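Spelled out from the first residue to the last, the chains are:
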Amino acid sequence: MNKRKYLRILSFIVFFGLCLVLVACAPKTDTTDPAGNGNTEGNGSATTDFNWSVESNCSTCHERSVTSLTRLSCEAAQANAPNDTCMICHDDTTGVKAAHAAVKLSDTAGDGTRLKKSEISESVCLACHDLEELKSTTADNTELTDNSGIVVNPHEVSTTLNINGNHSSAICSSCHKMHSTEAIGNTAERFCLDCHHTGDYECGTCH
């Protein structure tokens, strides 16, 4: 066999070998829809369409919020234990489905892990918590003390202290930020100071 023919055959073998290596090492396409909807395109990649259901994996987009269900520094962990499911509080399935109507999986990029601000009905909280018991539990709480030393029981704000409807906007989520690690006293005081901006809780001291 002449040298030129030998080199040609050797080059072909090396080229064929490299092709096999490249094919074997190519990244595999994930055909799994991370939302658990089973939506895949013809080429095997996950579609951008998202069809929410109660079985959907919320952590696909809301990883931080789902993690807070087990983080003891968050109220969500205490409220949901031992179930660890979003639907305990976000139980308005019609509303949640509507909120996800235009969502696409591509929206998870960047800040997609954050929940939009949502109001949770007071009835959801009171399904597990008794308001009278809560008022008794926080009767000696001094977190809400104004500049003059007036102490307010936070769980009486929306009932006993609801003078002329002034506190009608005070609901559980005004103070309790379930997915946050911030102290409740801080969020509660901030809510009060929206109106009591001078730091005085007594009515008639401003106007």
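Rules used in this analysis
- Numbers given for residues are sequential positions, taken from 1 along each chain in its written order.
- Confidence filtering applies because this is a predicted model: local features only for residues at pLDDT of at least 70, side-chain atom pairs given and counted only at 80 or more, and all residues used for totals across whole chains, interfaces and linings.
- As a rule here, side-chain values come from all non-hydrogen atoms in the structure, and water together with hydrogens is ignored.
- Each helix is a run of DSSP H or I of at least 4 residues and each strand a run of E of at least 2, with the numbering of both proceeding from the N terminus.
- Each residue is assigned to one of three classes by its accessible area relative to the maximum for its type, calculated with a 1.4 Å probe on protein chains only: buried under 20%, partly exposed between the two thresholds, exposed over 50%.
- Whether two residues are in contact is decided by their heavy atoms: any pair within 4.5 Å suffices.
- A pair of sulfur atoms, both from cysteines and within 2.5 Å, is called a disulfide here.
- Buried residues of nine kinds, namely Ala, Val, Leu, Ile, Met, Phe, Trp, Tyr and Cys, make up a nonpolar core once their side-chain atoms join them within 4.5 Å.
- One side-chain nitrogen of Lys or Arg within 4 Å of one carboxyl oxygen of Asp or Glu is enough to make a salt bridge.
- In predicted models, pLDDT denotes the confidence assigned by the predictor to each residue on a 0 to 100 scale.
- Between N or O atoms, a polar contact is any pair within 3.5 Å; within protein, one atom must be a potential hydrogen donor and the other a potential acceptor, and residues adjacent in sequence are included only when both atoms are from side chains.

Enquirer: Summarise the overall build of the protein; cite the residues concerned and give the values.
Expert: Secondary structure assignment for the protein yields eight helices and zero strands. Counting the 207 residues in the protein, one finds 22% classified as buried. Across the protein, every contact between residues at least 6 apart in sequence was considered, and the portion connecting residues at least 24 apart equals 52%.

Enquirer: So what's going on with the state of the cysteines? Which residues, and what values?
Expert: Tallied over the entire structure, the rule returns zero disulfides. Free of any disulfide, Cys89 has its nearest neighbouring cysteine sulfur in Cys125, separated by 6.5 Å. According to the relative accessible area criterion, Cys89 is partly exposed, its value standing at 22%.

Enquirer: Could you give an account of the nonpolar core, with specific residues and numbers?
Expert: Listed in full, the eight residues of the largest apolar core are Leu144, Val152, Val157, Ala170, Cys175, Ala188, Cys192 and Tyr201. Excluding residues that lie within four positions of it along the chain, Cys192 makes contacts with Leu144 and Tyr201.

Enquirer: How would you explain the pattern of salt bridges if you had to name every residue and give the values?
Expert: This structure, assessed with the given rule, holds two salt bridges. Linking Lys135 and Glu132 is a salt bridge whose minimum nitrogen-to-oxygen distance equals 3.0 Å. Taken as a pair, Lys135 and Glu132 lie in helix H6 (residues 131-137) at a separation of three residues, close to a single helical turn. By relative accessible area, Lys135 is classed as buried at 11%. Arg190 is the salt-bridge partner of Glu182, the closest N and O atoms lying 3.0 Å from each other.

Enquirer: Describe the confidence of the model for the protein, naming the residues involved and giving the relevant values.
Expert: Parts of the prediction with low pLDDT should not have their coordinates interpreted in detail. In this model, the protein carries an average pLDDT of 75, and 66% of its residues clear a pLDDT of 70 or more. At the low end of the mean pLDDT range in the protein sits helix H1 (residues 3-25), at 61; at the high end sits H6, at 92. In this model, residues 26-47 is a region of pLDDT below 50 whose contacts with residues beyond four sequence positions or in other chains number 33 contacts.

Enquirer: Give a detailed account of the side chain of Thr187, specifying residues and quantitative values.
Expert: Tracing the sequence through the fold places Thr187 in helix H8 (residues 184-193). Classification of Thr187 as buried rests on a relative accessible area of 4%. A distance of 2.4 Å separates a polar atom in the side chain of Thr187 from the backbone oxygen of Cys175.

Enquirer: Got a sec to walk through the environment of Asp130? Specific residues and values, please.
Expert: Of note, Asp130 is situated in the loop between helix H5 (122-126) and H6. Owing to a relative accessible area of 43%, Asp130 belongs among the partly exposed residues under this scheme. At 2.8 Å, the side chain of Asp130 and the backbone nitrogen of Glu133 are in polar contact.

Enquirer: So what about the environment of Leu144? Which residues, and what values?
Expert: When you line up the elements, Leu144 lands in the loop between H6 and helix H7 (172-175). Taking the C-alpha atoms as reference points, Leu144 and Pro154, separated by 10 residues in sequence, lie 7.1 Å from one another. Apart from residues lying up to four places away in sequence, Leu144 is in contact with Ile150, Val151, Val152, Pro154, Ala188, Glu189, Cys192 and Tyr201.

Enquirer: Go over the environment of Thr145, please, and point to the residues and values.
Expert: Here Thr145 lies in the loop between H6 and H7. For Thr145, a relative accessible area of 32% gives the class partly exposed. A polar atom in the side chain of Thr145 sits 2.8 Å from the backbone oxygen of Thr142.

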